[in-house]
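# Commentary on secondary and tertiary structure
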Amino acid sequence: MLRIELEFGGGLESLTGGNKVVPVEFSEEQLTLDRVIDYIRTNLIKEKHEYFVQGEYVRPGILVLINDVDWELEGKTRYVVQQGDRITFISTLHGG
Amino acid sequence: MKRRLCSHCGEAFANISISRKNKHLCRCCFYNYLEDTVHQTIVEEKLFQPGERIAIGASGGKDSTVLAYVLKLLNERYEYHWDLWLLSVDEGIHGYRDDSLRTVEQNRDDYNLPLYVVSYSELYDWTMDQVVSQIGRKSNCTFCGVFRRQALDKGAKKIQASVLATGHNADDIAETILLNLLRGDHARLSRSNMNKSGMSEEEESCCSNTLRRVKPLKDIYEKEIVMYAYFKKLKYFATECIYAPFAYRGHAREYLKRLERIRPHSISDIIYSLSCLHIKDAEQRQVQQQCILCHSISSQKICKACQLKASLDKGQGISAIHR
């Protein structure tokens, strides 16, 4: 069982019913970040999915951090999720 | 995957990729990088004088929150004795601005800066809620934009600030350039051309007798601002205005973000490209004069804000847009 924590900020929490932190469990032994993103789209977001994903990818303008590290340094969607990881999604698209 | 070390100090693990500079920095070096970049803009382009009163246009959003935080920090670090004020505009949008003003009040308390709020209802006798109930949601952002620009001017004058600093970042500037290009608006395109001081040419041409407007974050990318606020745990308000579909601007914005993902340089390249362009007909400077009704600086006898207000008062708000 793989337990991780998802964090939403910068306005994205409005897509998850106001929940900023969502703990989730996966039965898989090993999975990559694209599976987690797919899980969020299917299970956590009720509407306006296009605000989170566009096509196969997280919407441009959303920053992703893995344990406070920019996902660009971690292989982005190919990152292999580890037990206890905290994955943060922050929208840069709101307000000024 | 093995974690990479900071490309600057080589000691701590890297937290953020600054791909346009081929850097990956740890938190500490990233803070220094952002603060030094802003400081460099201020020093090289002589944005502020020591001791002067600076109004920070504060919306409670990420950009102005980071701007206020960094200016306060630089003020203390370099002992500039700037007299920093937060200046907010209350557009009168229930369920949006009233909430974000609470964030600004939080900034006021956290950073110990004085706050002055100027409202549309006191300046124009109209709130945006009332404007929208008259004209609908089609051109409401035009009214709000014209009113806000002037409200910031008037607010800055009221608190006797000599300069207004706004939180516009590199992405905002590139986005506006793109938008004006896509609209074929060569006059605005030319005006969005930044000169070295971070002011548009238009703004500089009239700055001898009026408020200077500066953009200290103009060399900082939006990604960096959001990362800085996240790591520093700065509180900001991140809800879209309830009246702002920003349809067309939104497309330019998304397009820019897609370009950035493919090529992080795109944003600075767009700004650079415009600075190299010479736009025909743009030399015809409109003569600046005082509005005969409200005495603010205007290119016409009656300023745009007074024109819009007059048509709202007559119940013909929407027609003012199509003139």
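Note that this is a predicted model, so its numbers are computed, not measured.

The rules we used
Along each chain, numbering runs from 1 in the same order as the chain's sequence is written. Lettering for chains starts from A, numbering for ligands starts from 1, and both go in the order in which the items are written. Since the coordinates come from a predicted model, pLDDT governs what is reported: local features require at least 70, and pairs of side-chain atoms require 80 or more to be given and counted, while whole-chain, interface and lining totals use all residues. Only DSSP runs of H or I with at least four residues qualify as helices, and only runs of E with at least two residues qualify as strands; both kinds are numbered from the N terminus onward. In this description the radius of gyration comes from C-alpha coordinates, and the expected globular size is given by 2.2 Å times residues to the power 0.38. Buried, partly exposed and exposed are defined by the number of other C-beta atoms within 10 Å of a residue's own C-beta, namely 20 or more, between the two limits, and 12 or fewer respectively, with C-beta atoms placed from the backbone. At least two bridges found by DSSP between two strands are what make those strands a pair. Throughout, an axis means a line fitted to C-alpha atoms (over the contacting stretch in the case of helices), and angles, computed between N-to-C directions, take values from 0 to 180 degrees. Our contact criterion uses C-beta atoms placed from the backbone: two residues qualify when those atoms are within 7 Å. Marked domain ranges trace back to an automatic or database domain assignment. Residues are grouped as follows: nonpolar covers Ala, Val, Leu, Ile, Met, Phe, Trp, Tyr, Cys and Pro; charged covers Asp, Glu, Lys and Arg; every other residue, Gly included, is treated as polar. Here, expected helix span is obtained from the residue count minus one, scaled by 1.5 Å. Buried Ala, Val, Leu, Ile, Met, Phe, Trp, Tyr and Cys residues whose C-beta atoms connect them within 7 Å together make up a nonpolar core. With strands facing away from the observer, any crossover in which the path from the first strand over the helix to the second runs clockwise is taken as right-handed.

## Points about the overall build of chain B
If you tally the helices and strands in chain B, you get 14 helices and 9 strands. Here the C-alpha radius of gyration of chain B, 20 Å, is about what a compact globule of 323 residues would show, namely 20 Å. Expressed along its principal axes, the backbone C-alpha trace of chain B runs to roughly 65 × 45 × 40 Å. The buried share among the 323 residues of chain B stands at 41%.

## Quick look at the sheet that holds strand S4 (residues 83-90) of chain B
Residues and elements named next belong to chain B. As summarised here, the arrangement of the 5 strands in space is S5-S4-S3-S6-S7, forming an open sheet in which the pairing is parallel. The open sheet has two edge strands, strand S5 (115-119) and strand S7 (212-214), and neither has a second partner. Neighbour-to-neighbour, the strand axes of the sheet open up by a mean angle of 30°, direction not taken into account. This element, helix H2 (residues 62-78), spans strand S3 (53-57), S4 and strand S6 (163-165) of the sheet and lies at about 155° to S3.

## Here's the deal with the environment of His81 of chain B
Residue and element names in this part refer to chain B. Considering the arrangement of structural elements, one finds His81 in the loop between H2 and S4. On the basis of neighbour counts, which here come to 10 C-beta atoms within 10 Å, the residue His81 falls in the exposed class. Measuring from C-alpha to C-alpha, the distance between His81 and Ile270 comes to 35 Å, with 189 residues separating the pair along the chain. Not counting residues up to four positions away in its chain, the partners in contact with His81 are Pro50 and Gly51.

## Let's talk about the environment of Lys20 of chain A
Assignment of secondary structure puts Lys20 of chain A in the loop between strand S1 (2-9) and strand S2 (21-26). Once you skip the residues sitting within four places of it in the chain, Lys20 of chain A turns out to touch Glu7, Phe8, Gly9 and Glu13 of chain A.

## Re the sheet that holds S1 of chain A
Spatial ordering of the open sheet is given by S2-S1-S7-S5-S6 (chain A), a layout of 5 strands whose pairing is mixed. Bordering the open sheet on either side are S2 and strand S6 (69-70) of chain A, each of which pairs with just one other strand.

## Overview of unusual backbone geometry
All names here are of chain B. A positive phi is found at His81, a non-glycine position, where the angle reads about 55°. With phi around 55°, Lys233 is a residue other than glycine that occupies positive phi space. Take Lys233: it is sitting in the loop between helix H10 (222-231) and helix H11 (247-262). By C-beta crowding, Lys233 is classed as exposed, having 6 other C-beta atoms within 10 Å.

## A few points about the domain arrangement of chain B
Residues and elements named next belong to chain B. Assigned domains within chain B: domain 1 (30-287) and domain 2 (288-323). Each partner contributes residues to the interface: domain 1 has 17 residues there, and domain 2 has 14 residues. Put simply, the parts of the chain that give the side of domain 1 that touches domain 2 at least two residues each are helix H5 (128-135) and helix H6 (140-158). By residue number, the principal contributor to the side of domain 1 that touches domain 2 is H6, which donates 7 residues. In terms of residue class, the side of domain 1 that touches domain 2 is built from 9 nonpolar, 6 polar and 2 charged.

## What to know about the interface of chain B and chain A
If you look at the interface, chain B gives 29 residues, while chain A gives 20 residues. Elements represented by at least two residues in the side of chain B that touches chain A include exactly strand S1 (16-18), H2, H10 and H11 of chain B. No other element matches the 6 residues that H11 of chain B contributes to the side of chain B that touches chain A. Per-class residue counts for the side of chain B that touches chain A are 8 nonpolar, 9 polar and 12 charged.

## Comments concerning helix H1 (residues 27-44) of chain B
Residues and elements named next belong to chain B. Counted at 1.5 Å a residue, the expected span for H1 with its 18 residues is 26 Å, and the 25 Å between its end C-alpha atoms agrees. Of the positions making up H1, those classed as buried are Cys29, Phe30, Leu34, Val38, Thr41 and Ile42. The elements touched by buried residues of H1 are S1, strand S2 (23-25), H2 and H10. Positive backbone phi, approximately 45°, marks Lys46, located one or two places after H1.

## Quick look at the nonpolar core
Residue and element names in this part refer to chain B. Core analysis: the biggest nonpolar cluster contains 99 residues, and Ile54, Ile56 and Ala174 have the highest contact counts within it. Three or more residues apiece are contributed to this core by two domains, here domain 1 (30-287) and domain 2 (288-323). When near neighbours in sequence (up to four residues on either side) are disregarded, Ile54 contacts Phe48, Trp82, Asp83, Leu84, Trp85, Ala161, Val163 and Ala165.

## Remarks on the pairing of S4 of chain B
Residues in a regular strand project their side chains so that they alternate between the two faces of the sheet. All names here are of chain B. Across the 8 residues of S4, 7 count as buried, placing the element largely inside the fold. Regarding the hand of the β-α-β motif, the stretch spanning S3, H2 and S4 is right-handed. The β-α-β motif built from S4, the intervening helix H3 (residues 97-111) and the parallel element S5 has right-handed crossover chirality.

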